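Structural features, examined
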Amino acid sequence: VQLQASGGGLVQTGGSLRLSCAASGRTFSDYTTGWFRQAPGKEREFVAAIRWSGGAKKYADSVKGRFTISRDNAKNTVYLQMNSLKPEDTAVYYCAAGARLIYSTYHWENRYDYWGQGTKVTVSS
């Protein structure tokens with residue numbers, strides 16, 4: 001199983017980026033896919049998650065109203081649309097997938113079984 005994260009880059013404050021997480025090696029119909037991020041000198045933190053079947057979504061308070069997570073089942077890909085970006089959104093963003101999650105655990109990174117390599121997002125002020 002592989003997760004390939006892409007779409008990071010350099011953007012100005014207030015700008016937008018869309019991250020993609022392409023999954024291969026199996027179907028993820030019964031999985032939850034999440035995005036986490038790690039800023040320099042900080043611990044990795046939860047950003048958003050979505051369940052493949054049913055589409056239940058969860059967001060960190062810091063990104064609610066600015067970020068949107070979505071999925072394309074046909075392409076086995078999850079997206080993270082990031083709008084109104086702030087310098088504090090600067091981080092390496094990782095996607096992850098897991099089968100052992102219920103909604104209350106979407107933000108628990110130790111529940112995710114597979115991780116992508118990360119894509120760097122830099123927001124300039």
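Residues numbered from 1 in each chain as written. Predicted model: local features only at pLDDT ≥ 70, side-chain atom pairs only at ≥ 80, totals over all residues. Heavy atoms only, no water.

1. Observations regarding the overall build of the chain
For the chain, the count of helices and strands is 0 helices and 11 strands. Start at the N end of the chain and walk to the C end: the helices and strands fall as β-β-β-β-β-β-β-β-β-β-β. Its C-alpha atoms give the chain a radius of gyration of 13 Å, within 12% of the compact-globule value 14 Å for 125 residues. Across its three principal axes, the chain shows a C-alpha extent of roughly 40 × 25 × 25 Å. Counting only residues that meet the buried cut, the chain has 44% of its 125 residues in that class. Long-range pairs, those at least 24 residues apart, make up 57% of the contacts in the chain between residues at least 6 apart in sequence. Within the structure as shown, the chain displays about 6,200 Å² of accessible surface, and the carbon and sulfur contribution to it stands at 47%. A gap of 4 Å separates the mean positions of the 16 positive and 9 negative side-chain charges of the chain. (Helix = DSSP H or I, 4+ residues; strand = E, 2+ residues; numbered from the N terminus. Rg over C-alpha atoms; globule rule 2.2 N^0.38 Å. Buried < 20%, exposed > 50% of the residue type's maximum accessible area, 1.4 Å probe, protein only. Contact = heavy atoms within 4.5 Å. Areas by Shrake-Rupley, 256 points an atom, 1.4 Å probe, with all protein chains shown as cover. Lys, Arg positive; Asp, Glu negative; His and termini not counted. Charge placed at Lys NZ, Arg CZ, Asp CG, Glu CD.)

2. Some details on the packing of aromatic side chains
For the structure shown, the criterion picks out 6 aromatic pairs. With 6.2 Å between their ring centres and 25 degrees between their planes, Tyr31 and Tyr114 make a pair best called stacked. You can see Tyr31 sitting in the loop between β3 (17-24) and β4 (32-38) and its partner Tyr114 sitting in strand β10 (residues 114-115), a full 83 residues away along the chain. Look at Tyr31 and you get buried, because its relative accessible area is 5%. A network of ring pairs unites the aromatic residues Phe36, Phe46, Tyr112 and Trp115 as a single cluster. Cation over ring: Arg44 sits above Tyr94, and NZ or CZ is 5.2 Å from the ring centre. Seen from the ring of Trp115, Arg44 lies directly overhead, with NZ or CZ sitting 4.0 Å from the centre. (Phe/Tyr/Trp six-rings, centres within 6.5 Å; stacked < 30°, edge-to-face > 60°. Lys NZ or Arg CZ within 6 Å of the ring centre and 35° of its normal.)

3. Description of the sheet that holds strand β8 (residues 77-82)
Pairing in this open sheet of 4 strands is antiparallel, and the strands run β1-β3-β8-β7 from one edge to the other. Looking at the sheet topology across the chains shown, the edges are occupied by β1 (2-6) and β7 (67-72). For this sheet, the mean angle separating the axes of adjacent strands, direction not counted, is 15 degrees. Note that β3 and β8 share 6 bridges and pair antiparallel. (Pairing = 2+ DSSP bridges. Axes fitted to C-alpha atoms, helices over the stretch in contact; angles between N-to-C directions.)

4. Quick notes on unusual backbone geometry
Even without being a glycine, Asn76 presents a positive backbone phi close to 50 degrees. Within the fold, Asn76 resides in the loop between β7 and β8. Taking the relative accessible area as the measure of exposure, Asn76 reaches 16% and is therefore buried. For Ser84, which is not glycine, the phi torsion reads 50 degrees and is therefore positive.

5. Quick look at the state of the cysteines
Throughout the structure, instances matching the rule amount to 1 disulfide. Put simply, Cys21 and Cys95 are joined by a disulfide, and their sulfur atoms are 2.2 Å apart. Between Cys21 and Cys95, the S-S torsion sits near 70 degrees, and that sign places the bridge as right-handed. Note that Cys21 is positioned in strand β3 and Cys95 in strand β9 (residues 91-98), a separation of 74 residues in sequence. This pair shows no difference in class: Cys21 is buried, exactly as Cys95 is. (Disulfide = S-S within 2.5 Å.)

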